[in-house]
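An overview of the molecular structure
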Amino acid sequence: MRAVIRPAGRDPDQALLARARRVLGLQTAAAITLSLLVVGALAVVVVGRGQRSAAEAQVRQTAATEEDVIDPPPGTWIFELTADGTVGGTKAPPAGFPDRAALTRVRAGGRAEMAAENGYLTYTRRRSKATVQVVTSMRTQQQEQRRLILAGGLAELIGLLLAAGSAVLLSRRATAPLGEALARQRQFVADASHELRTPLTQLHTRAQLLARELRAGAGAADIATDVDQLVVGTRQLGEVVEDLLLSSQASRRPDGLTRVDLGTVAAAVVAAEQSRSRDRGVELTLAPSGPAMVNGREPALRRVLTALVDNALSHTPADGHVTIALDPATEPRWITVVVRDDGSGFDDPADAERLFARFARGGHGDQRRFGLGLALAREVVAGHGGTITASGGPGRGAAFTVRLPAAPGAQAGEHG
């Protein structure tokens, strides 16, 4: 029986893509984090300089206008060095103030001085007959800077989390085309291997028959027939190679479509597979029918029927039967082709759809690979605007039905 289908293992290329996504994600997150750090540092520097400039402007204004040295603005202390050398000013000043050395220097030189030390900003200048020194606390500004740094750190942490999420999203989007390209490459290799296997097997079989007839001293007519079949096989092999990249894109290449008689194609497939069917003891027949014209690519459609016949012969025991039947008249707008066998059938009718999955494997201990040829057949049929379905049951054989749009003008009456 055709076994239940299980998906194959993970593609190794996916592991490489996952690693590339991680590396790209880390690099992107690091770049965003570094940018946030630079922006945060610049903000702290700009705010700090702004606070310093504002404080300097305030002490200059206070030194120029404030006369009350006993009760100055909050957080500010004012001292005066008079002409007789005495120093007076605000009571309870911070430790180390007033700065008598600065007062003496400014009194002697006349040039104002601005200094910042231990959290205080000091401005000393001469004013009329006295030298004035204004001291203001920078602790408020420093507290604001610390709050800014704390807020910046929290924002950096949140930004880091957002950067990580954005990096994952961006890395997935960035590597998606690469993943698609790798998948297409592996798919092409698998498709090429599968598509070339059948014509190569046919050529090998015909070459063996020809060698056997030559050793047996067969007549020239028999040898000529086998040579003709060998020539046909090599031509078909070349068509397979030429059409590998086009078979699943027929609907997007209308310029490559021609009128094809599926009856003629089916007859050629039956003739090509007769040697194999005889070797397996299976009767392969084509039910009589009239012309069945469709628009398509003949090599691609021939491979569809070849894949279906190959699948049927593989699952039909000796003394079994495989039949190809065309129905060009039942539905005027459609051509129907049915490949039917009386072989093992399906374990479960629901498995019929999964037979068309790529790279599937059998279940219940059956490790054979299934579905690649049928998957390619479905792609070609879909590219021609048609459908392909499977039906059957355990031990009751299987039937694969292909429906393709009839060529314009190929009405039921033309089929005779």
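Residues numbered from 1 in each chain as written. Predicted model: local features only at pLDDT ≥ 70, side-chain atom pairs only at ≥ 80, totals over all residues. Heavy atoms only, no water.

Before going further, it helps to spend a moment on the overall build of the chain. Regarding its fold elements, the chain presents 8 helices and 15 strands. Looking at the 416 residues of the chain, the share that counts as buried comes to 39%. Accessible area of the chain: about 22500 Å², with a carbon and sulfur share of 58%. (Helix = DSSP H or I, 4+ residues; strand = E, 2+ residues; numbered from the N terminus. Buried < 20%, exposed > 50% of the residue type's maximum accessible area, 1.4 Å probe, protein only. Areas by Shrake-Rupley, 256 points an atom, 1.4 Å probe, with all protein chains shown as cover.)

Below, the discussion takes up the pattern of salt bridges. Inspection of the entire model under this criterion finds 6 salt bridges. Here Arg 105 and Glu 113 are joined by a salt bridge, their closest N and O atoms 2.9 Å apart. The exposure class of Arg 105 is partly exposed, given its relative accessible area of 46%. Residue Arg 276 pairs with Glu 273 through a salt bridge whose shortest N-O separation is 4.0 Å. Note that Arg 276 and Glu 273 are positioned in helix α5 (residues 262-280) at a spacing of 3 residues, about one turn of the helix. Linked through salt bridges whose partners overlap, the residues forming this network are Glu 273, Arg 276 and Asp 310. (Salt bridge = Lys/Arg side-chain N within 4 Å of Asp/Glu carboxyl O.)

With that out of the way, let us pick up the sheet that holds strand β6 (residues 130-137). Here we have 5 strands laid out as an open sheet, ordered β3-β2-β6-β5-β4, and antiparallel in their pairing. Sheet topology places β3 (87-89) and β4 (113-117) at the edges, where each strand pairs with a single neighbour. Between one strand axis and the next, the sheet turns by 20° as a mean value, whatever way the strands run. The pairing of strand β5 (residues 120-127) with β6 spans 8 bridges and is classified as antiparallel. Looking across to β6, one finds that Tyr 120 is bridged to Ser 137. (Pairing = 2+ DSSP bridges. Axes fitted to C-alpha atoms, helices over the stretch in contact; angles between N-to-C directions.)

Our focus in this paragraph is the pairing of strand β10 (residues 321-327). Looking along a regular strand, one sees the side chains alternate between the two faces of the sheet. On β10, burial follows the alternation: Val 322, Ile 324 and Leu 326 on one face are buried, whereas His 321, Thr 323, Ala 325 and Asp 327 on the facing-out side are not. Note: strand β8 (residues 283-286) against β10, 4 bridges, orientation parallel. In the strand pairing of β10, Thr 285 is matched with Thr 323. Pairing analysis gives 6 bridges linking β10 to strand β11 (residues 334-341), with the strands arranged antiparallel. Each bridged residue has a counterpart across the sheet, and for Thr 323 the counterpart in β11 is Arg 340.

Let us look at helix α2 (residues 100-109). One turn of the α-helix equals 3.6 residues, which is why residues spaced by three or four share an orientation. Regarding α2, the residues found buried are Ala 102, Leu 103 and Val 106. Relative to the axis of α2, the buried residues are bounded by an arc of 100° and lie together on one face. Pointing more than 90 degrees away from the buried face of α2 are the exposed residues Arg 100, Ala 108 and Gly 109. Turning to α2, the residues buried within the fold contact β2 (76-81), β3, β4, β5 and β6. (Arc of directions from axis to C-beta. Contact = heavy atoms within 4.5 Å.)

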